[in-house]
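# Inside the fold
Now for the letters of each chain:
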Amino acid sequence: MEIKTQHKPVLVQEVLENLVVRPGGVYLDVTFGGGGHSRAILDKDPTSTVFALDWDDTALKRGEALVEAYQPRLTLLWGSFAHLYKLEKKYKLPLFDGILADFGTSQDQIKGSSGFSFAIDTPLDMRMSSGHYKTTAAHIVNYAQPEELCEIFWTYGEENRAKEIVRSIIEMRKRIKIKTTHQLVEAIERAVGSCKGNRIHPATKVFQALRIFVNKELENITSFLPAGFKMLAPGGRLACISFHSLEDRLVKDFCKTVEKEGSGINVFQRPVAPTEGERISNPSSRSSKLRVLEKRRFVSV
């Protein structure tokens, strides 16, 4: 059963090989999105059950067709994985044989009207869920102090031309409010030049930084990891897909900490990357990395 979505899930086979390792398993997909990973798990094991979580009402609405096709094995839930510890009690969730988190931004959101993409001119919003966050990227760009903007662009985008870009933004916002993606791109290009001849668009890191900051993405991952690991059944696995070094570093450090404490096993010392074939067929997968943490069946005291 297909649902209409522009998003193509990444590392599907690698997730199935390392997450769906026992028949009749109960799984939690905390980033349902287009439903690709959830559907793959359900197809891999016809006796499995999946609970899927998303904070985007539109994604859950699209997924209703999947719920009908796979009933009663698929249950959709509204909420953010950052609040998993609360949702566990709210929905009376069980322990899981596997939990999957794909920290990438859905192509449906990027190509929508929320300001994620600099390729189309849309309002500079960048909130993945207006119900969870009130501050938009436009508000930050127009009202944050120059020092704060520099810190955001460097910390969350690793943009080494942050000072030049911020100076250009300050000059523009003295004249007009920066309300759209193309206005922000114009300010960036005035500072560092256009994208002609460059493999990476000059606005890429700034847009990444604003998206991460607006949605508190790193803080959300930090909250999710211990809550997710706690909700694993003995022998259960936590699989996390990251798309940039900031996310992957959080997952890697958590895996190392849990393994050192003796309560978990780091399945891979190095993250699993997509195959060359997947990178060609799905360019969005190029920077993806999969790490898997298994909860020990017995923990020595």
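Each remark here, short or long, concerns the structure printed above.
In what follows, the accompanying structure is described. (Residues numbered from 1 in each chain as written. Predicted model: local features only at pLDDT ≥ 70, side-chain atom pairs only at ≥ 80, totals over all residues. Heavy atoms only, no water.)

### Focus on the overall build of the chain
When its secondary structure is counted, the chain shows 14 helices and seven strands. In summary, the chain has a C-alpha radius of gyration of 20 Å against a globular reference of 19 Å for 301 residues, a match within 12%. Here the C-alpha coordinates of the chain stretch approximately 60 × 45 × 40 Å along the principal axes. Counting contacts in the chain only where the partners sit at least 6 residues apart, residues at least 24 apart contribute 69% of the total. When the accessible surface of the chain is totalled, it reaches about 14800 Å², and 52% of it is carbon and sulfur. Computing the positive centroid from 43 side-chain charges and the negative centroid from 36, the chain places the two 2 Å apart. (Helix = DSSP H or I, 4+ residues; strand = E, 2+ residues; numbered from the N terminus. Rg over C-alpha atoms; globule rule 2.2 N^0.38 Å. Contact = heavy atoms within 4.5 Å. Areas by Shrake-Rupley, 256 points an atom, 1.4 Å probe, with all protein chains shown as cover. Lys, Arg positive; Asp, Glu negative; His and termini not counted. Charge placed at Lys NZ, Arg CZ, Asp CG, Glu CD.)

### Quick look at the nonpolar core
By size, the foremost hydrophobic cluster in this structure holds 36 residues, and its most contacted members are L124, L149, F153, I169, L184, F207 and L210. Sorting the residues of this core by element identifies α7 (137-143), α8 (146-157), α9 (162-175), α10 (181-192) and α11 (204-214) as the ones contributing at least two each. Not counting residues up to four positions away in its chain, the partners in contact with F207 are G115, F116, S117, F118, L124, M126, T181, L184, V185 and I188. In this structure, L84, I221, F224 and L238 belong to the second largest nonpolar core, which totals 27 residues. (Core = buried A, V, L, I, M, F, W, Y, C linked by side-chain atoms within 4.5 Å. Buried < 20%, exposed > 50% of the residue type's maximum accessible area, 1.4 Å probe, protein only.)

### A closer look at the packing of helix α12 (residues 217-230) against helix α13 (residues 245-261)
Remark: α12 packs on α13, axes separated minimally by 10 Å, with the N-to-C direction vectors making an angle of 25°. Taken together, the axes of α12 and α13 are roughly parallel relative to one another. Remark: the crossing between α12 and α13 carries right-handed chirality. Between α12 and α13, the residues in contact are E217, L218, I221, T222, L225, P226 and F229 and L246, E247, L250, V251, F254 and V258, respectively. Class assignment for the residues of the contact of α12 with α13 results in 10 nonpolar, one polar and two charged. (Axes fitted to C-alpha atoms, helices over the stretch in contact; angles between N-to-C directions. Parallel < 35°, antiparallel > 145°, perpendicular 65-115°, else oblique. Left-handed = near helix turned anticlockwise from the far one by under 90°. Nonpolar A, V, L, I, M, F, W, Y, C, P; charged D, E, K, R; others polar.)

### Focus: the sheet that holds strand β2 (residues 49-54)
Read from one edge of the open sheet, seven strands run β3-β2-β1-β4-β5-β7-β6, paired in mixed fashion. Each of the sheet's edge strands pairs with one partner strand only, and the pair in question is β3 (74-78) and β6 (264-266). In this sheet, neighbouring strand axes are inclined to one another by 20° on average, regardless of whether the strands run parallel or antiparallel. Most of the contacts of helix α2 (residues 36-44) go to β2, to which it runs at about 175°, and overall it touches β1 (26-29), β2, β3, β4 (96-102) and β5 (232-242). (Pairing = 2+ DSSP bridges.)

### Remarks on α2
With seven of nine residues buried, α2 is to be regarded as a mostly interior element. All of the buried residues along α2 are G36, H37, S38, R39, A40, I41 and L42.

### Brief notes about the packing of α9 against α10
The contact between α9 and α10 brings their axes to 8 Å, and the two run at 130°. With respect to α10, the axis of α9 lies oblique. Handedness of the crossing formed by α9 with α10: right-handed. Contact with α9, carried on its side by E164, I165, S168, I169, M172 and R175, involves Q183, L184, E186, A187, I188, R190, A191 and V192 of α10 and no other residues of that element. A class-by-class count of the residues in the contact of α9 with α10 yields eight nonpolar, two polar and four charged.

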